[in-house]
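Below are the chains, spelled out letter by letter.
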Amino acid sequence: MSIPTQSPIAADAEIVRRVLAHIDTGTTDEGDVWREPVENYLEPTRFTAELETLRSFPSVYLPSAAIPRAGDHAERVAFGVPLFAVRGHDGRARVFRNACRHRALALVEDRGCSHALVCRYHGWTYRLDGSLSHVPKAEAFPDLDMSSRGLVEVDSYEVDGLVVLGPLRRIRGEPGRAAVDAATAALTDGRPWRDKLFPTERLVRVDATVRPMNWKVLVEQFLEGYHIRSTHTDTFFPLQYDDLNVVEAFGPNSRIAFPYRSIERLRDRPESTWTTDRRVTYVYHLFPNAMVVTFPDQVLVIVIDPVDIDHSTLTIYAMTTGTEDAAAAVRAADGPSLLSMGGDEDNAMSEAVQRGLRAGANTFVEFGRHESAIGRFHATLDERLACAR
């Protein structure tokens, strides 16, 4: 079977045409209305079912730029499971369960680089491929088979700038396994994001914070532009349009285009020269919990991990294509940036949503025709919940 070469999402010129048409007619892409029951955000049994389902399907773990060289390693708790990724001497990125095989101490903390992975408790040492290489005073473990006590690897794939996790638990039944295969295919076909993410080879910063909101509320804030004028009055709205998006689907994933007002300068230029670079922010929602977000000078990979009903960990990997001097300047910049201010505004709204969900005023949350990517997110999650039962 031949591998398709054409991307499942529109080329730049088509996006520009659709945006200009929306500007002229005062419209935006539309889809179906969705009503999500409030109890789906607040019920412990629902949250438990979601967590088990999320563990049963593939997901984005981190960008390749987080571990560019042999020995580089980084950890993250994914759906409640402590994991870490490491780049081997063979250039391959591997993901392991973050536990020493002696006393289960978390082996990796934060990011770093080393020639071997050494447990700081008793000194058990592992090669970068996960094999156990040294046990201090090995005579104290007469029955130890070192060949079988290496780190526990989980399935992973490195695709066009992303390290993708395979399922962390096995799903039962043929329909479920078929759904997992389809989900894996959708996250290991990098054509939709390849040109936007892959050139960003330099990691600028990593921020991980716990936010007081359900993970789905946090995902929702990235998937619509209906809020631009109201929420981002002095930040994004002067640069972007309110309630004007192009929404595309590829597999269970979505791409939402947020155009800048400067896109209108393309009207008088030949279509063959049209590009969305520096004229559109793209949000690639890689189902279920990752976003690739493009900005003129950097790309963010954002991963959202459920902690409990009311809390989620938001991890942001910021990358740039610039020189080391440019990256250093970004790191050293004083004061809040436009992006950070806009992010703070979004998070404030989402935190208020989480509080409001408990007010008892609503039995459902309504997403209109201009928020269709959110409805699609919830519909896909419902489908996966049904498969994982």
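Here the structure is a predicted model, which is why all the values come from computation and not from measurement.

Caption draft 1: Looking closely at the layout of surface pockets. Taken as a whole, the second largest pocket spans an internal volume of roughly 480 Å³. Along the wall of the second largest pocket there are 22 residues; nearest its centre are Glu220, Glu224, Val353, Phe367 and Glu371. Residue assignment for the lining of the second largest pocket shows that the elements contributing at least two residues are α6 (215-220), α9 (338-357) and β20 (364-367). When residues in the lining of the second largest pocket are grouped by element, the largest group, 6 residues, is from α9. Tallied by class, residues from the lining of the second largest pocket come to 11 nonpolar, 6 polar and 5 charged.

Caption draft 2: Representation of the sheet that holds strand β16 (residues 280-286) in the model. The strand order β13-β19-β18-β17-β16-β15-β14 describes an open sheet built from 7 strands, whose pairing is antiparallel. Edge strands, defined here as strands with exactly one partner in the open sheet, are β13 (202-211) and β14 (246-250). With strand direction ignored, the average angle separating the axes of adjacent strands in the sheet is 15°. The pairing of strand β15 (residues 253-259) with β16 spans 6 bridges and is antiparallel. Counterpart to isoleucine 256 in the pairing with β16 is valine 283.

Caption draft 3: Molecular detail of the environment of isoleucine 309. In this fold, isoleucine 309 is placed in the loop between β18 (299-308) and β19 (311-320). Each C-alpha atom, one on isoleucine 309 and one on tyrosine 41, is 6.9 Å from the other, the two residues being 268 residues apart in sequence.

Caption draft 4: Inspection of the packing of helix α3 (residues 44-55) against helix α10 (residues 372-388) at higher detail. Where α3 meets α10, the closest approach of the two axes is 9 Å, and the angle between their N-to-C directions is 80°. In this view, α3 runs roughly perpendicular relative to α10, as classed from their interaxial angle. On the side of α3, the interface is formed by Arg46, Ala49, Glu50 and Thr53, while α10 contributes Leu381, Asp382, Arg384, Leu385 and Ala388. A breakdown of the residues in the contact of α3 with α10 according to their chemical character gives 4 nonpolar, 1 polar and 4 charged.

Caption draft 5: Representation of the nonpolar core within the structure. Residues Leu62, Leu83, Leu223, Ile263, Leu286 and Met291 are the most contacted members of the largest nonpolar core, which totals 87 residues. The contact partners of methionine 291, leaving out residues within four places of it in the chain, are Val219, Phe222, Leu223, Val283, Tyr284, His285, Leu300, Val301, Ile302 and Ile304. Core analysis: the second largest hydrophobic core is formed by 15 residues, Leu117, Leu128, Val135 and Leu144 among them.

About the thresholds
Residues numbered from 1 in each chain as written. Predicted model: local features only at pLDDT ≥ 70, side-chain atom pairs only at ≥ 80, totals over all residues. Heavy atoms only, no water. 1 Å grid on protein atoms, 1.4 Å probe; cavity = no way out; pocket = protein on both sides within 12 Å on 5 of 7 lines; lining within 4 Å. Points joined across faces, edges and corners; volume = space filled by probe spheres on them. Helix = DSSP H or I, 4+ residues; strand = E, 2+ residues; numbered from the N terminus. Nonpolar A, V, L, I, M, F, W, Y, C, P; charged D, E, K, R; others polar. Pairing = 2+ DSSP bridges. Axes fitted to C-alpha atoms, helices over the stretch in contact; angles between N-to-C directions. Parallel < 35°, antiparallel > 145°, perpendicular 65-115°, else oblique. Contact = heavy atoms within 4.5 Å. Core = buried A, V, L, I, M, F, W, Y, C linked by side-chain atoms within 4.5 Å. Buried < 20%, exposed > 50% of the residue type's maximum accessible area, 1.4 Å probe, protein only.

The values are spatial; any link to function lies outside them.
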